[in-house]
Amino acid sequence: MKLEGVRVIDLSGAFRLRDDAWRTKWYPATGALPDGVAYGLTEFETPAIRTARLLSNPGCYPTASLLALLPLARAGLLAPGADIIIDAKSGISGAGKAPTDRTHFCENHGSVAAYGVFGHRHTAEMEQALGQRVTFVPHLVPLDRGLLASIYTRLVPGTTAARVSQAFEHAYAAAPFVRITGEALPEIKHVAHTNFCDIGWKVDEAHGRVFIASAIDNLVKGAAGQAIQNLNVMYGL
């Protein structure tokens, strides 16, 4: 059956990476990208999303991390070449659909475990958007849903806390699903069962450091909820 003119929103990772070498490494079955593909990080890719024939919905870890970092990156506030460390924790629903010992709740209760160190495919997705290297370490925590990304990096010398606040306020002034909380750091329970991304931060002006916390529900803003948000943009709803 041939469906001409149909527009597709894809929640898999198959079409997220533009670089052929990266895509071959992480998604070897994809092959060449078709024309008209847009990356569906709604708050930053709206013009491309409006006209996309194929929309590649971001992963949950990149969604939380990029919404936290892109306002500073695009404002020129991240120190060139500085390490970007993303320490992220997600519930069992973020560990994939294949049943394993790792996804049995009784195996995870009372524990936290790191995985995918230096080898998680979402790293390439984040580096593509930021244009620089990141160190990304995900952790599995005993929750049914939710994700918290704790991010550490350095700012351009002389950057003030007020300037950081301005960058976030400017980026999300018209973004109904991003709530900036300033120094009141967000928690997973504040966003569970919603399409919100809550972002808070602390700035160490004396040493040029910034800490950012970003919380989403990995099953909503990190997946299907963001897909519906993108559908609304695609069709002007």
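Just so we're clear, the structure is a prediction, and the values are computed from it rather than from any experiment.

**As for the nonpolar core**
- Counting residues in each nonpolar core, the largest one holds 38 residues, and the members touching the most others are Leu 72, Ile 86, Ile 199 and Ile 212.
- Of all the secondary structure elements, the ones that give two or more residues to this core are helix H3 (60–74), strand E4 (85–90), helix H5 (122–130), strand E7 (147–154), helix H6 (161–171), strand E9 (197–204) and strand E10 (209–216).
- Element by element, the count of residues in this core is highest for H3, at nine residues.

**Concerning a nonpolar patch on the surface**
- Together, Leu 231, Tyr 235 and Leu 237 give the surface a local cluster of nonpolar side chains, amounting to about 330 Å² of exposed area.
- Taking relative accessible area as the criterion, Leu 237 reaches 72% and is therefore assigned exposed.

**Some points on the state of the cysteines**
- For the coordinates displayed, the defined rule picks out zero disulfides.
- The thiol of Cys 60 is not disulfide-bonded; the next cysteine sulfur, from Cys 197, is found 12 Å away.

**Examining the pattern of salt bridges**
- All told, the structure shown has 11 salt bridges when counted by the stated rule.
- Linking Arg 23 and Asp 20 is a salt bridge whose minimum nitrogen-to-oxygen distance equals 2.6 Å. Of this pair, Arg 23 and Asp 20 both sit in helix H1 (residues 20–26), three residues apart, roughly one helical turn.
- Judged by relative accessible area, Arg 23 falls into the buried class, the value being 4%.

Criteria and thresholds
Sequence order as written defines the numbering, with residues in each chain counted from 1. Selection of residues for local features in this predicted model requires a pLDDT of at least 70, selection of side-chain atom pairs for listing and counting requires 80 or more, and totals for whole chains, interfaces and linings are taken over all residues. Only heavy atoms go into the side-chain values, all of them from the structure, while hydrogens and water stay out. Throughout, nonpolar core names a set of buried Ala, Val, Leu, Ile, Met, Phe, Trp, Tyr and Cys residues whose side chains join them through atoms within 4.5 Å. Note on classification: 1.4 Å probe, protein chains only; a residue is buried when its accessible area is under 20% of the maximum for its type, exposed when over 50%, partly exposed between these limits. Each helix is a run of DSSP H or I of at least 4 residues and each strand a run of E of at least 2, with the numbering of both proceeding from the N terminus. Two joining distances apply to patches: 9 Å for like charges and 5 Å for nonpolar side chains (Val, Leu, Ile, Met, Phe, Trp, Tyr), and every residue must have over 30% relative accessible area and no salt bridge. All accessible-area figures derive from a Shrake-Rupley calculation using a 1.4 Å probe, and residue coverage is judged against the displayed protein chains alone. One speaks of a salt bridge when a side-chain nitrogen belonging to Lys or Arg is within 4 Å of a carboxyl oxygen belonging to Asp or Glu. The disulfide criterion is simple: two cysteine sulfur atoms within 2.5 Å.

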